[in-house]
Amino acid sequence: MSLLEVNNLDVRFALRRGEVKALRDVCFTLDRGERLGIVGESGAGKSVAAFSLLNLIAKPGYIAGGSVRFDGQELTGMSDRALRRIRGHRISMIFQDPMMTLNPVLTIGEQMVECLKAHRRIARREARAIALRKLEQVQIPSPEARLDQYPHELSGGMRQRVIIAIALLLDPDIIIADEPTTALDVTIQAEIMALLLELCEKHNVGLILITHDLGVVSQVTQRMLVMYAGRVIEQGPTREIINDPQHPYTQGLMNALPQMATPGERLNQIPGSMPSLDNLPSGCAFHPRCGFAQRADGSERPACCTQVPGFVTSGNCQVACHMVAEMIERERIPAEETTR
Amino acid sequence: MIAFLVKRLFHALLVMFVISVIAFAIQDNLGDPIQQMVGQSVPESEREALREELGLNDPFLVQYLRFAANAAQLDFGYSYVFNQPTTEVIARHLPATLELVAAATFLIVVLSVPIGVYSAIKPRAWLSRCFMGVSIVGISIPVFLTAIVLIQLFAIGVSWAPFPADTAWGAWLNDLITTEGGMPAYGRGNPVHVFGTWYTNFASLDGLLYLVLPAISLASIMLPLFIRLIRAEMLEVLQSEYVKFARAKGLRLRRIYFLHALKNTMLPVITVGGVQIGTLVAYTILTETVFQWPGMGLMFLDAIERSDIPLIVTYLMIVGLIFVITNTLVDLIYGLVNPTVKLTGKPA
Amino acid sequence: MSTPNPAIESAPATGRWERFRDSYLLYSFKRDLVAQASLLIFVVLVAAAVLAPWLAPMNPYDLAQIDILASELPPFWIDGSESAYPMGTDAQGRDLLSTILYGARVSLIIGFGAVALQATLGVVCGLLAGYLGGRIDAFLMRLADIQLSFSTLMVAIVVGALVKAIFGGATFSTYAVPLLVLIIGLAEWPQYARTVRASVLAEKSKEYVDAARTMGLSSRRIMFRHILPNTLSPIFVISTVQVANAIISEAALSFLGLGMPETHPSLGSLIKSGFDYLQSGSWWITLIPGAVLVLLVLVINLLGDWLRDVLNPRLYKG
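Only a predicted model underlies this, so the values are computations on that prediction, with no experimental measurement involved.

1. With respect to the overall build of chain A
Counting secondary structure elements, chain A contains 13 helices and 12 strands. Its C-alpha atoms give chain A a radius of gyration of 22 Å, near enough to 20 Å, the size a compact globule of 340 residues would have. For chain A, the C-alpha atoms occupy an extent of roughly 75 × 50 × 50 Å along the three principal directions. The 340 residues of chain A split such that 45% are buried.

2. Focus: the interface of chain B and chain A
Counting from both sides, the interface comprises 20 residues of chain B and, opposite them, 23 residues of chain A. Elements with a minimum of two residues in the side of chain B that touches chain A: helix H10 (241-248) and helix H11 (253-291) of chain B. The biggest single contributor to the side of chain B that touches chain A is H10(B), with 7 residues. Classifying every residue of the side of chain B that touches chain A gives 7 nonpolar, 6 polar and 7 charged.

3. Notes on the packing of helix H13 (residues 232-255) of chain C against helix H15 (residues 284-311) of chain C
Residue and element names in this part refer to chain C. Remark: H13 packs on H15, axes separated minimally by 9 Å, with the N-to-C direction vectors making an angle of 165 degrees. As far as their axial angle goes, H15 and H13 are roughly antiparallel. Between H13 and H15 lies a crossing of left-handed hand. For the pair H13 and H15, the contacting residues are Ser 233, Phe 236, Val 237, Thr 240, Val 241, Val 243, Ala 244, Ile 247, Ile 248 and Ala 251 in the first and Leu 293, Leu 296, Val 297, Ile 300, Asn 301, Leu 303, Gly 304, Leu 307, Arg 308 and Leu 311 in the second.

4. Digging into the confidence of the model for chain C
All names here are of chain C. On average, residues of chain C score 80 in pLDDT, and 89% of them reach the 70 mark or higher. Confidence scores differ between elements of chain C, with helix H1 (residues 6-10) showing the lowest mean pLDDT of 40 and helix H4 (residues 33-50) the highest of 91. Under a pLDDT of 50 for its full length, residues 1-13 has, in the predicted model, 2 contacts with residues more than four places off or in other chains. This prediction of the complex comes with two scores: 0.84 for pTM and 0.88 for ipTM.

5. Looking at the environment of B:Arg51
Along the chain, B:Arg51 turns up in helix H3 (residues 44-54). For B:Arg51 and B:Asp28, which are 23 residues apart along the polypeptide, the C-alpha to C-alpha distance reads 13 Å.

6. Here we look at the interface of chain C and chain B
Taken residue by residue, the interface counts 34 residues in chain C and 32 residues in chain B. Counting only elements with at least two residues in the side of chain C that touches chain B, the list comes to helix H7 (134-149), helix H8 (152-167), H13, helix H14 (267-275) and H15 of chain C. Considering every element that reaches the side of chain C that touches chain B, the biggest residue donor is H15(C), with 10 residues. Partitioned by chemical class, the residues of the side of chain C that touches chain B number 25 nonpolar, 7 polar and 2 charged.

7. Points about the environment of A:His247
Residues and elements named next belong to chain A. Along the chain, His 247 falls in the loop between helix H10 (238-243) and helix H11 (248-256). Each C-alpha atom of the pair His 247 and Thr 211 lies 19 Å from the other, and the pair is 36 residues apart in sequence. Beyond its immediate stretch of four places on either side in the chain, His 247 contacts Val 226, Ile 233, Glu 234, Val 319, Cys 321 and Val 324.

8. Looking at the sheet that holds strand E4 (residues 61-70) of chain A
Residues and elements named next belong to chain A. Taking strand neighbours across the sheet as the criterion, the 4 strands line up as E2-E1-E4-E5 in an open arrangement whose pairing is antiparallel. Whereas interior strands pair on both sides, the edge strands pair on one side only; in this sheet they are strand E2 (18-30) and strand E5 (73-74). Two strands pair when backbone bridges link them, and E4 and E5 are joined in this way by 2 bridges, in the antiparallel orientation. Bridge pairing in E5 places Arg 69 opposite Glu 74.

9. Let's talk about helix H6 (residues 126-140) of chain B
The end-to-end C-alpha distance of H6(B), which contains 15 residues, comes to 21 Å, matching closely the 21 Å that a straight helix rising 1.5 Å per residue would cover. Turning to H6(B), its buried residues are B:Phe131, B:Ser135, B:Gly138, B:Ile139 and B:Ser140.

10. Observations concerning the nonpolar core
A general feature of soluble globular proteins is that nonpolar side chains tend to end up buried together. Counting residues in hydrophobic clusters, the biggest one holds 259 residues, and the most contacted among them are A:Ile208, B:Tyr315 and C:Ile157. No other element matches the 17 residues that helix H6 (residues 96-132) of chain C contributes to this core. Counting contributing residues per domain, this core is built from domain 1 (98-169) and domain 2 (250-339) of chain A, each supplying no fewer than three. Non-local contacts of C:Ile157, meaning those with residues more than four positions away in its chain, are made with B:Ala282, B:Ile285, C:Leu253, C:Leu256 and C:Leu258.

11. Looking at unusual backbone geometry
Residues and elements named next belong to chain A. The backbone of Ser 142 shows a phi angle near 40 degrees, a positive value even though the residue is not glycine. Exposure remark for Ser 142: the 8 C-beta atoms within 10 Å place this residue in the exposed category. Residue Ala 229 is not a glycine yet carries a positive backbone phi of 50 degrees. Of note, Ala 229 is situated in the loop between strand E9 (223-228) and strand E10 (231-237). Exposure remark for Ala 229: the 23 C-beta atoms within 10 Å place this residue in the buried category.

12. Topic: the domain arrangement of chain A
The domain boundaries assigned to chain A delineate domain 1 (98-169) and domain 2 (250-339). Taking only C-alpha atoms into account, the centre of domain 1 of chain A sits 46 Å from that of domain 2 of chain A.

13. So, the environment of B:Gln292
Residues and elements named next belong to chain B. Assignment of secondary structure puts Gln 292 in the loop between H11 and helix H12 (296-305). Along the sequence, Gln 292 and Ser 45 sit 247 residues apart, while their C-alpha atoms lie 44 Å from each other. Once residues within four sequence positions are removed from consideration, Gln 292 is found in contact with Tyr 186, Gly 187 and Leu 298.

14. Quick word on the pairing of strand E11 (residues 311-314) of chain A
All names here are of chain A. Note: E11 against strand E12 (residues 317-320), 4 bridges, orientation antiparallel. When the sheet's bridge partners are listed, Thr 313 is paired in E12 with Gln 318. Hairpin connection from E11 to E12: 2 residues lie between these consecutive antiparallel strands, with Gly 315 at a positive phi of about 65 degrees.

15. Topic: the sheet that holds strand E8 (residues 206-211) of chain A
Residue and element names in this part refer to chain A. Across the sheet, 8 strands lie side by side as E6-E7-E8-E3-E9-E10-E12-E11; this open sheet has mixed pairing. The two strands at the open ends of the sheet, each matched to only one other strand, are strand E6 (91-94) and E11. Each strand axis lies, on average, 20 degrees off the axis of its neighbour in the sheet, ignoring direction. Examined bridge by bridge, strand E3 (residues 35-39) and E8 share 5 bridges and lie parallel to one another. Following the sheet pairing, Leu 36 is matched in E8 by Ile 208.

16. Here's the deal with the pairing of strand E1 (residues 4-15) of chain A
Residue and element names in this part refer to chain A. Of the pairings in the sheet, the one linking E1 to E2 comprises 9 bridges and is antiparallel in character. Across the sheet, residue Glu 5 finds its bridge partner in E2, namely Thr 29. When E1 meets E4, the two strands line up antiparallel, connected through 8 bridges. Paired with Arg 12 across the strands is Tyr 62, a residue of E4.

Definitions and limits used
Residues numbered from 1 in each chain as written. Chains lettered and ligands numbered in written order. Predicted model: local features only at pLDDT ≥ 70, side-chain atom pairs only at ≥ 80, totals over all residues. Helix = DSSP H or I, 4+ residues; strand = E, 2+ residues; numbered from the N terminus. Rg over C-alpha atoms; globule rule 2.2 N^0.38 Å. Buried ≥ 20, exposed ≤ 12 C-beta atoms within 10 Å, placed from the backbone. Contact = placed C-beta atoms within 7 Å. Nonpolar A, V, L, I, M, F, W, Y, C, P; charged D, E, K, R; others polar. Axes fitted to C-alpha atoms, helices over the stretch in contact; angles between N-to-C directions. Parallel < 35°, antiparallel > 145°, perpendicular 65-115°, else oblique. Left-handed = near helix turned anticlockwise from the far one by under 90°. pLDDT = per-residue confidence, 0-100. Pairing = 2+ DSSP bridges. Expected span 1.5 Å × (residues − 1). Core = buried A, V, L, I, M, F, W, Y, C linked by C-beta atoms within 7 Å. Domains from an automatic or database assignment.

Pasting the structure below:
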């Protein structure tokens, strides 16, 4: 049994103009010490997925169905009190923008100590000692002095180190990192990512890394999911998906990478843009942009625009696409015929 | 921090300078001390001599400097009406006003913070909606009208029976809207002497009773503003990333609301609100008029009525000073609470 | 600036009304009962005040119509009332309904007049300060700061008292309406100036202003034709609040005897004149005009609240 099992997770936002389904049928697992990447455009539901694991979605949003099992416990529907013991303790989070994540009016030390004290019966002095040790681990220069500083006295990169230190404070089983380097200077991004990877490996911490950067995913994670319009459309070992993407959307993403284009030529964009969640196309949400769904004569493939594709297994990956399903079907039938 | 202090102090001095120029201009143009000192029968030549002697024919700047030098020593001359140094007259009336403002401030702080925080934490609860509804009505009622209504309800009393008195619920409702009256609503009663010119209403039950209606009236003007301000700021703070992060850390809601969110909420509230507390002094003019509260506001109106120019000028200077002091204090407190101020000298 | 711009004139010709009909403003108004009720009451009150000379049973300014024997009569639901005076009469025997209608008229004229003045002053100062920056900005904003650090009410009271002292009571009474407009207008311009300046600064950093400047347009044209339209929604929102404030300020000044004389009363001076009779039991002389004043200010404030929620502009805090 995996450490974390997410099954058919459904998240909706109850807005005045109606319900918006932000997440549908999301399933994945995470083993102890495993590193999983969640990839997709902004608005695909990556962050919602991350926040809903700990039931941290803001008010109009709620978990409409599905389950999140962590270490044998069901997290959806768990009382806030019980969830509090898991948040920051066994599963901790790293947010996107370090400039906004730390409370501007509390010292770094205060924000670390309170987290320790929320989960352990511990003396202040002892908590400070642990905080100091964690700050050393994230390689902050003069960690002792940092404890009494306020966030605005630190640079963005340093603040993100502090946040990583906070995430590691209670030696969690899983860290959920929501685009941890997007808001940072390019020069610091690699440094922070390397640090995070190193610490996760060293302490055998599971990592759920949310990003739109395929390069980072391929370097850091072992498995990945690709999300589109609130659904997972492809998942499997990172290496396999990167080398041989099956879903037309994932293929498009890979082709759009600058290194895939010949110098001097236009980058290979996916035509169109992701639909908004309150106005999804019927069938496969990707079909209006999909080369496979559009036949050569301009008509659309009926299956693609009426049926939501189920998952089919291709190699070690799972893909939700009619085209892939058909291909597998075609391959299997001749194989069966020859054996007959 | 030093640079910050110096800057604030400079600003305060500048404001006091502007006020003193205005006050002097008033005195120079409206007040004719000769008129007050001598009767109508004195011939013009003698007046002119007196003018020369008093330096009233000196250039504007010289006269202003003399005025400013005296003002710095709290010497503003004699009140025409009381025939006493104006500062003494003010000193007699100042404690009443300050006590009224203090009582109102107490009410505002004690009520606005919990109500504002509650209606931000539970914006959809019916109680929050009630608070918001009452507060917008409160903003729309001028302070003197609140005072009048309070007098009608609690000093004079209301007895009416619009509901059928022969039914149980009707009698109950009639009872509910009938008020006894009898609350003291005029003057200060018999305040207890503390020292000098300071008599206090806080030291006896009787004194406190006299304070109730004026203080509620005065508080009623700012309370809704503060509730709405605190609620709006808190709502904004609760949306912030650091509050989400605090939740992700597994902190108790109580700690998140009352430490993480409230501390950030109070920063803008201190700047906006602190200044508003200062302006309560202005509203005391209205409250004191209605309740015949013998404070500076009532004295000021009286001085206007009787054209007691030196007293008017002194009042303006003193009130100006009070405003400047509260503003500077507010800035200082803000600087102490907000850690980002120290480095840059101004809020980042 | 008077030459019509063909691009502006022709393009939306299809639909100023259509655009308004499809706008979010109207949509949210249709869904908001409070806003609808407020607007209805406001329109009724304003109409009643404007039409006072035709609606009111008697002319309170005309001494010949006043019957001193009919003084302090209660409103219709209390015993002892007379049908000729549905809201009762005041201490001078004036019909209360009529004085209230005329009084509301005076209050509204002063309220709107004062806001027009503050808006003009404040918008010009705010635009200058925000757009030109530098010394003008520093000077104007320091001035606004100083004035705001006093209460606007305080400024109005002091200026009112001085104006009255300079002109003398009789002259003041004669010119009370324009003087009050002036006093309240001068006391509150910083609110506008700071709001406009804040949104000008926000707008100024946007690219369309750079674009206009690179096209060689004059500062004045950029300010009034390009930046000002984009600062309209905060101006609009604070204007509603300011009208309410101005009406309250006028009432406060009148209540202190620094406003409208009792012979030509506003709602504030009606409340003041009735206050003396509160102890003798004639509460209606002060409380009925008071209720009308509160209703008027309340609906304006509610409309302002609704507007702020809908337009959601960046307002200057503090």
